[in-house]
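Residues per chain, in single letters:
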Protein chains: 2
Amino acid sequence: MISKLKPSENVVIQGWVDSVRAQKAIIFLIIRDRSGKVQVTIKRENTPEIADAVEGLLKDSTVRIEGKVVDAPNVKLGGIEVIPTKLEVTSSALVSPIDDKTGLDLAMDYRWLDLRDKVHYFEFQTRVLKAMRDWFVENEFIEIMTPKLTGNSTEGGAEVFSLKYYNQTAYLTQSPQLFKQMAIAAGFEKVFEIGANYRAEKSYTSRHSTEFFALDVEMGFVKDEHDVMAVEESMLRYIFEKVEMPLASAPFPKISLLESYELLEKERGYIVPKAAKGDLDPEAERLLCEIAKEKWGHDFIFITNFPSSARAFYIQRLDETKPRLTRGFDLLYRGVEITSGGQREHNPERLVNNLAEKGIAEENMKFYIDFFRYGCPPHGGFALGIARLVAKMLDLPSVKDTTFLFRGPDRLSP
Amino acid sequence: MISKLKPSENVVIQGWVDSVRAQKAIIFLIIRDRSGKVQVTIKRENTPEIADAVEGLLKDSTVRIEGKVVDAPNVKLGGIEVIPTKLEVTSSALVSPIDDKTGLDLAMDYRWLDLRDKVHYFEFQTRVLKAMRDWFVENEFIEIMTPKLTGNSTEGGAEVFSLKYYNQTAYLTQSPQLFKQMAIAAGFEKVFEIGANYRAEKSYTSRHSTEFFALDVEMGFVKDEHDVMAVEESMLRYIFEKVEMPLASAPFPKISLLESYELLEKERGYIVPKAAKGDLDPEAERLLCEIAKEKWGHDFIFITNFPSSARAFYIQRLDETKPRLTRGFDLLYRGVEITSGGQREHNPERLVNNLAEKGIAEENMKFYIDFFRYGCPPHGGFALGIARLVAKMLDLPSVKDTTFLFRGPDRLSP
């Protein structure tokens with residue numbers, strides 16, 4: 001690694017050409033790798049064949065250099081320079097077709113070049129994912145890898161991608177929802193997964209992709225949805241600590257959807273439009289996060305007790321006296337929803353009723369209802385979109401920034 | 001957790017009914033969770049409503065119990081018992097449709113019941129995956145999550161699943177091969193991913209699934225394929241240490257494919273059939289592992305220098321004097337191939353030649369060749385099938401055992 005170079009004979013360094021500055025007698029080559037940069041000083045007189053090889057070399061070509069590292073107090077890059085004895089051009093770059101002024105679409109066509117100054121997003125994401133999984137493993141969750149191909153089309157609502165699968169039709173799963181609940185029925189007790197999810201929607205926003213990676217969590221033997229929120233809060237606190245980001249020490253604020261509607265009206269004069277159908281619209285999410293920051297000094301806020309009309313059939317109702325409210329919740333962070341979660345209905349008869357209410361054919365969900373007929377503890381869980389969380393942690397405008405290769409209705413390559 | 005119960009007033013335990021043994025005055029209930037079992041002793045006289053609730057309760061129903069834990073030296077399960085003051089049946093089980101004598105296909109229809117005595121496979125897998133990722137993060141690899149949906153159908157050879165994607169055709173990726181190499185061109189230097197892979201083959205073996213999860217690794221600035229093998233060996237040693245499984249301390253044996261053919265003939269009189277086309281057939285893999293165990297006391301063996309006819313176009317040729325041999329390798333473990341890897345060809349002109357030789361239209365791979373035109377270091381990597389590795393570590397016969405929900409040509413549910 002370049003950042004660890006110290007004066008010594010016989011080093012081998014490999015890296016990218018950051019710049020070539022040719023003078024009459026000397027060529028200065030700046031070489032970089034992920035760790036840093038170093039100056040390579042080539043005297044034409046001493047090593048003419050090396051001088052010839054690097055002259056005209058374009059930025060982002062790669063080289064392998066043998067030589068020695070010497071003290072050079074005047075050199076800004078660490079006070080050292082490399083005197084090469086051998087240099088091999090391992091890859092010659094053409095002129096990059098993109099630069100700082102390139103539009104989003106062309107930048108995405110050349111995503112691998114666009115990514116070259118964004119590698120640190122993914123170094124950061126690696127730390128987030130590491131802390132996330134560490135928390136779950138330390139807390140005795142089992143990691144599962146559920147299928148993304150399924151014979152069952154519906155989980156409730158959103159559109160799915162379908163494909164020919166031998167003599168059958170397969171669908172890409174919208175989430176591991178049904179399978180992570182299956183793990184609970186199988187006695188796994190506590191499970192997590194970080195994997196791909198598919199939504200065949202025509203969404204063109206800064207929050208949506210047709211393929212996205214999410215954390216999915218499910219826990220058995222919960223008392224209610226508040227157990228689930230407590231787990232999510234603990235996990236997020238652990239991540240923020242590990243990536244050294246400050247986070248208010250007070251518990252995450254938690255208000256019901258009804259309270260959030262009142263707050264929006266009182267604090268901002270905002271009335272959630274009817275079209276939101278008992279959910280929050282993006283503007284309401286943005287304003288609620290502003291309010292949470294002002295009132296409670298918090299970037300996070302839980303919204304609880306969504307109505308059953310705005311939640312999937314598998315979310316448990318609050319209780320028999322309030323059948324229109326559910327044990328479903330959202331978690332908002334810096335203006336956007338990053339999580340949906342809740343306690344699940346684990347009673348097969350009540351599930352059948354919920355299906356009927358939603359107008360979903362019981363026949364199509366029989367395989368799922370069966371998970372709960374041979375014993376299954378009360379359980380709940382949540383899902384958290386990785387690209388959304390990381391984009392907001394890094395204060396970036398879109399999931400396109402934090403997705404390695406974005407997939408949208410018009411974007412399927414590279 | 002049941003295993004941590006100690007004598008005390010006021011406990012709440014939740015778990016599965018393992019058995020109900022009703023006597024005249026007393027009912028003994030054995031309750032289990034993932035951690036262990038405990039006896040609940042119900043005196044009809046003291047708590048008749050609890051006795052009524054549990055009588056007739058079937059195995060694998062779930063309960064929530066409030067009560068106290070008392071010393072009971074005669075009780076085999078930890079010398080304690082629970083005296084309940086309140087009991088709630090949270091889920092009533094029907095009789096399980098499967099048992100020890102159930103055939104494989106019915107067991108897979110009821111996989112969540114079949115899994116109930118196999119949860120430890122996935123606890124073990126969780127430890128393997130944790131150690132695996134820890135090793136990569138500690139060694140400064142960046143985690144990537146590459147798309148499983150792509151607009152480009154071919155990576156060379158095997159059959160792919162395709163689907164309608166808005167106005168285009170999308171394909172499910174056979175591996176992250178092309179994208180992990182893109183990360184190298186983007187300057188990520190060292191990357192890993194554990195994700196889903198798709199093969200639309202009609203394979204009915206103990207080693208194949210249409211959907212499987214694999215570790216994919218790619219490293220820039222390698223000297224040659226031996227750097228890649230060294231990384232894989234170090235990583236595997238770390239995993240074996242973390243899961244406390246013994247592993248021979250000598251380096252993994254490493255022989256060329258040609259040497260392996262000679263060894264097979266000499267040691268077993270086995271001649272690899274022509275149909276294997278310069279690769280190893282399953283019988284050769286099995287015998288080579290037997291021989292490696294006998295000769296070198298090792299469960300692992302690297303086979304190197306596969307011919308270009310048996311390797312994808314992107315594997316680098318050994319050198320110009322031996323253009324028919326490649327820098328591709330396999331790793332065998334306990335009788336099966338668990339890894340393919342190698343150094344990649346990063347020179348765009350040589351890649352174009354390789355494509356022509358394989359009869360792949362350059363047009364279809366243009367997006368990929370472009371990755372190497374704007375600078376890309378020498379690099380190599382490997383892929384390792386998780387279910388294969390874990391099955392062999394646990395000495396289980398098939399990837400069907402270690403896959404949470406197996407997908408094959410005839411299996412798409414639950």
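The structure displayed is predicted, hence computed values, not measured ones. (Residues numbered from 1 in each chain as written. Chains lettered and ligands numbered in written order. Predicted model: local features only at pLDDT ≥ 70, side-chain atom pairs only at ≥ 80, totals over all residues. Heavy atoms only, no water.)

Our focus in this paragraph is the overall build of chain A. Each helix and strand in chain A was counted, giving twelve helices and 18 strands. Principal-axis analysis of the C-alpha atoms places the extent of chain A at approximately 90 × 60 × 40 Å. Residues classed as buried in chain A amount to 60% of the 414 residues present. Of the contacts formed within chain A by residues at least 6 apart in sequence, a portion of 64% connects residues at least 24 apart. Roughly 17300 Å² of accessible area belongs to chain A as shown, and the carbon and sulfur atoms make up 49% of that amount. One finds the centroid of the 55 positive side-chain charges in chain A at a distance of 2 Å from the centroid of its 62 negative side-chain charges. (Helix = DSSP H or I, 4+ residues; strand = E, 2+ residues; numbered from the N terminus. Buried < 20%, exposed > 50% of the residue type's maximum accessible area, 1.4 Å probe, protein only. Contact = heavy atoms within 4.5 Å. Areas by Shrake-Rupley, 256 points an atom, 1.4 Å probe, with all protein chains shown as cover. Lys, Arg positive; Asp, Glu negative; His and termini not counted. Charge placed at Lys NZ, Arg CZ, Asp CG, Glu CD.)

Residue and element names in this part refer to chain B. Counting buried positions over the nine residues of helix 5 (residues 177-185) gives nine, a clear majority of the element. Within helix 5, the full set of buried residues consists of Gln177, Leu178, Phe179, Lys180, Gln181, Met182, Ala183, Ile184 and Ala185. After helix 5 finishes, the residue Gly187 shows a positive phi value of roughly 90°.

Here the focus is the relation of the copies chain A and chain B. Superposing chain A onto chain B requires a rotation of 180° together with a translation of 0.0 Å along the rotation axis, leaving an RMSD of 0.1 Å. Taken together, the rotation angle and the small translation identify this as a two-fold axis. If distances are taken from each C-alpha of chain A to the rotation axis, the shortest is found for A:Leu163, at 2.4 Å. Interface residue correspondence from chain A to chain B reaches 100%, placing this contact among same-surface, isologous pairings. (Least-squares fit on C-alpha atoms with pLDDT ≥ 70 in both.)

Before going further, it helps to spend a moment on the interface of chain A and chain B. On the chain B side, the residues contacting the 97 residues of chain A number 98 residues. Between chain A and chain B, roughly 8300 Å² of surface is buried when both sides are summed, and carbon and sulfur atoms account for 65% of that area. Area buried by chain A at its contact with chain B is led by A:Met145, A:Tyr374 and A:Leu412, which between them contribute 11% of it. Inspection of the region where chain A meets chain B yields four salt bridges. Two residues, B:Lys130 and A:Asp134, come together in a salt bridge whose shortest N-O distance is 2.5 Å. Between the two partners, chain A and chain B, sit 40 residue pairs in polar contact (both at pLDDT 80 or more). In terms of residues, the side of chain A that touches chain B owes the most to one element, helix 4 (residues 119-138) of chain A, which gives ten residues. (Buried area = accessible area lost by both parts, 1.4 Å probe. Salt bridge = Lys/Arg side-chain N within 4 Å of Asp/Glu carboxyl O. Polar contact = N/O pair within 3.5 Å; in protein donor to acceptor, adjacent residues only side chain to side chain.)

Okay, the side chain of B:Gln14 next. With respect to the helices and strands, the residue B:Gln14 is situated in strand 1 (residues 8-22). Polar side-chain contacts of B:Gln14 include one of 2.7 Å to the backbone oxygen of A:Phe221. Beyond its immediate chain neighbours, meaning those up to four positions away, B:Gln14 contacts A:Phe221, A:Val222, A:Pro378, B:Ile2, B:Asp33, B:Val63 and B:Arg64.

Residue and element names in this part refer to chain A. Considering all chains together, one arrives at 80 salt bridges over all chains under this definition. Of the charged contacts in the structure, one is a salt bridge between Glu225 and Arg327, with a shortest N-O distance of 2.9 Å. One end of the pair, Glu225, is in helix 6 (residues 225-242); the other, Arg327, is in the loop between strand 15 (322-326) and strand 16 (328-333), and 102 residues separate them in sequence. As far as burial versus exposure is concerned, Glu225 and Arg327 are alike and both buried. Lys293 is the partner of Asp299 in a salt bridge, and the nearest nitrogen-oxygen pair spans 3.0 Å. Residues participating in the shared-partner salt-bridge network are Asp18, Arg32, Lys37, Lys59, Asp60 and Arg116.

With an omega of 0°, the peptide bond running from A:Ser413 to A:Pro414 counts as cis. Tracing the sequence through the fold places A:Pro414 in the segment after helix 12 (399-402). Despite not being glycine, B:Lys277 has its phi angle at roughly 50°, a positive value. The residue B:Lys277 is located in the loop between helix 7 (257-268) and helix 8 (282-296) in this model. A relative accessible area of 64% means that B:Lys277 is categorised as exposed.

Further remarks concern the packing of helix 9 (residues 348-358) of chain B against helix 10 (residues 362-369) of chain B. All names here are of chain B. Relative to each other, helix 9 and helix 10 sit at 150°, their axes nearing to 11 Å. Looking at the two axes, helix 9 sits roughly antiparallel to helix 10. Two packed elements cross with a definite hand, and for helix 9 against helix 10 that hand is right-handed. On helix 10, the residues touching Pro348, Leu351, Val352 and Leu355 of helix 9 are Glu362, Met365, Tyr368 and Ile369. Classifying every residue of the contact of helix 9 with helix 10 gives seven nonpolar, no polar and one charged. (Axes fitted to C-alpha atoms, helices over the stretch in contact; angles between N-to-C directions. Parallel < 35°, antiparallel > 145°, perpendicular 65-115°, else oblique. Left-handed = near helix turned anticlockwise from the far one by under 90°. Nonpolar A, V, L, I, M, F, W, Y, C, P; charged D, E, K, R; others polar.)

This structure, assessed with the given rule, holds 54 aromatic pairs over all chains. A ring pair is formed by A:Phe367 and A:Phe371, whose centres lie 5.8 Å apart and whose planes are at 90°; its orientation type is edge-to-face. For the pair shown, A:Phe367 and A:Phe371 are each scored as buried. When the centroid spacing of 6.4 Å and the interplanar angle of 45° are considered together, the rings of A:Tyr374 and B:Trp112 count as tilted. Here the residue A:Tyr374 occupies a position in the loop between helix 10 (366-369) and strand 18 (379-385), and B:Trp112 occupies one in helix 3 (residues 111-114), the pair thus bridging two chains. Each member of the pair A:Tyr374 and B:Trp112 is classed as buried. Every member of this aromatic cluster is reached through a ring pair, and the members are A:Tyr110, A:Trp112, B:Phe313, B:Tyr314, B:Phe367, B:Tyr368, B:Phe371, B:Phe372 and B:Tyr374. In this structure, B:Arg311 is placed above the aromatic ring of B:Phe306, and the distance from its NZ or CZ to the ring centre is 3.9 Å. (Phe/Tyr/Trp six-rings, centres within 6.5 Å; stacked < 30°, edge-to-face > 60°. Lys NZ or Arg CZ within 6 Å of the ring centre and 35° of its normal.)

We now examine the sheet that holds strand 18 (residues 379-385) of chain B. All names here are of chain B. Reading across from one edge, 6-10-11-18-17-16-13-12 is the order of the eight strands in this open sheet, with mixed pairing throughout. The open sheet is flanked by strand 6 (142-143) and strand 12 (254-256), the only strands paired with a single partner. Direction of pairing for strand 13 (residues 300-304) relative to strand 16 (residues 328-333): antiparallel, over a ladder of five bridges. Within strand 16, the residue paired with Ile303 across the bridge is Asp330. (Pairing = 2+ DSSP bridges.)

Ranked by internal contacts, the top residues of the largest apolar core, which has 102 residues, are A:Met132, A:Phe136, A:Leu215, B:Met132, B:Phe136 and B:Leu215. Ignoring anything within four residues of it in the chain, the contact list for A:Leu215 reads A:Met132, A:Phe136, A:Phe192, A:Glu193, A:Ile194, A:Met235, A:Phe382, A:Ala383, A:Leu384 and A:Ile386. (Core = buried A, V, L, I, M, F, W, Y, C linked by side-chain atoms within 4.5 Å.)

All names here are of chain B. Relative to each other, helix 7 and helix 8 sit at 75°, their axes nearing to 10 Å. By the angle class used here, helix 7 and helix 8 are roughly perpendicular. Between helix 7 and helix 8, the contacting residues are Ser260, Leu263, Leu264, Glu267 and Arg268 on the first element and Ala284, Leu287, Leu288, Glu290, Ile291, Glu294, Lys295 and Trp296 on the second.

Further remarks concern the pairing of strand 1 of chain B. All names here are of chain B. Of the pairings in the sheet, the one linking strand 1 to strand 4 (residues 62-71) comprises seven bridges and is antiparallel in character. In the strand pairing of strand 4, Ile13 is matched with Ile65. Linkage of strand 1 to strand 2 (residues 26-33), two consecutive antiparallel strands, is achieved through a turn of three residues.

None of the figures reported here should be taken as evidence of function without further support.
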